[in-house]
Amino acid sequence: MSQPLRFALNRMVAPRLSLPEFIELAVTLKADAIEIRNDLKGIEIEDGTLPERVRQLCRANGISVLSINALYPFDVWNDERRAQTLKLAAYARDCGAQGLVMCPLNDRADPRNEAERSVGLRTALSELAPILREYGILGFIEPLGFEECSLRRKRTAVDAIKAIGGLDVFRLVHDTFHHHLASEYEFFPELTGLVHISGVEDAQAPLATIRDGHRVLVGEGDILGNAAQIDTLLSTGYTGYLSFEPFADSVHGLTDIQSAIGASMDHLQKSLA
């Protein structure tokens, strides 16, 4: 492959750094895009950082903001969700983010059956589409591969997006971890707006027991098939970013996160050469 891979950093890769340090990390690694989050305590957005501050810091360093991660649970629509969406959409617009990552309900206690979930999904997308259009941002829908999740597969999302006429504002997040967990084999490169990458190296853990805490940087021991998944996406037309999103404490505790991410970038670049 002739193209160098386009890497981005999700805030989850280094949640303990300050925003200026995080942006500096991205610059040093030549990853010219980041994702910020609203679910991490003590840093932006939760700490009250103004969106204009995010925009200014990123612009000064040649960094784009891909998304705010995440609106949850986007597929359970009510007044609270609408208020949450409007708040996040305004922040996304004002900080210069391209869009909003949207995650579905992931709860074993979800009382809804498949038919009710399907109606819930389409209702939510119908309500979200005009808001996204008004704020000039995209909605990045991220199916979660966990067995209890209300939206596990990208196919379900694609059908719902088409049904409500939302192809102009909705894109998929292809998360290599969730794609593997859902045993999904379909790829939708033309509808994929963002790719989240992380590796799992615990080969003994049964698939149904793998959780976010298992997610590390992608290396030699990866059992998720990251390189193969990325290869498929790129060879079928995906041209966007690969955003590092490891949740493991072992990664968050690294003293030299820069070298670790750099090694993972090298590993993927070589694997796909």
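Residues numbered from 1 in each chain as written. Predicted model: local features only at pLDDT ≥ 70, side-chain atom pairs only at ≥ 80, totals over all residues. Heavy atoms only, no water.

### As for the UniProt feature "domain: Xylose isomerase-like TIM barrel" (unreviewed entry) in the protein chain
What UniProt calls "domain: Xylose isomerase-like TIM barrel" (unreviewed entry) maps, in this numbering, to residues 24-269. For residues 24-269, the end-to-end C-alpha separation is 22 Å, with 39% helix and 15% strand making up the annotated structure. (UniProt positions renumbered as here; feature names shortened; annotations may be inferred. Helix = DSSP H or I, 4+ residues; strand = E, 2+ residues; numbered from the N terminus.)

### Things to note about the packing of aromatic side chains
Going through the model one piece at a time under the given rule, you end up with two aromatic pairs. Sitting over the face of the ring of Tyr241, Arg6 holds its NZ or CZ atom 4.2 Å from the ring centroid. Above the ring of Phe22, the side-chain terminus of Arg11 is found at 4.6 Å from the ring centroid. (Phe/Tyr/Trp six-rings, centres within 6.5 Å; stacked < 30°, edge-to-face > 60°. Lys NZ or Arg CZ within 6 Å of the ring centre and 35° of its normal.)

### So, unusual backbone geometry
With an omega of 15°, the peptide bond between Asn69 and Ala70 qualifies as cis. Note the cis peptide between Tyr72 and Pro73, where omega equals -15°. With respect to the element layout, Pro73 can be found in the loop between β3 (64-71) and α3 (79-95). A positive phi angle, close to 55°, is found at Lys30, a residue other than glycine. On the secondary structure map, Lys30 appears in the loop between α1 (19-28) and β2 (33-37). The phi dihedral of Ser183 is positive, around 50°, even though this residue is not glycine.

### Observations concerning the side chain of Thr85
Mapped onto the elements, Thr85 comes out in helix α3. What Thr85 contacts, discounting residues up to four positions off in sequence, is Leu71, Trp77, Leu128 and Ile131. (Contact = heavy atoms within 4.5 Å.)

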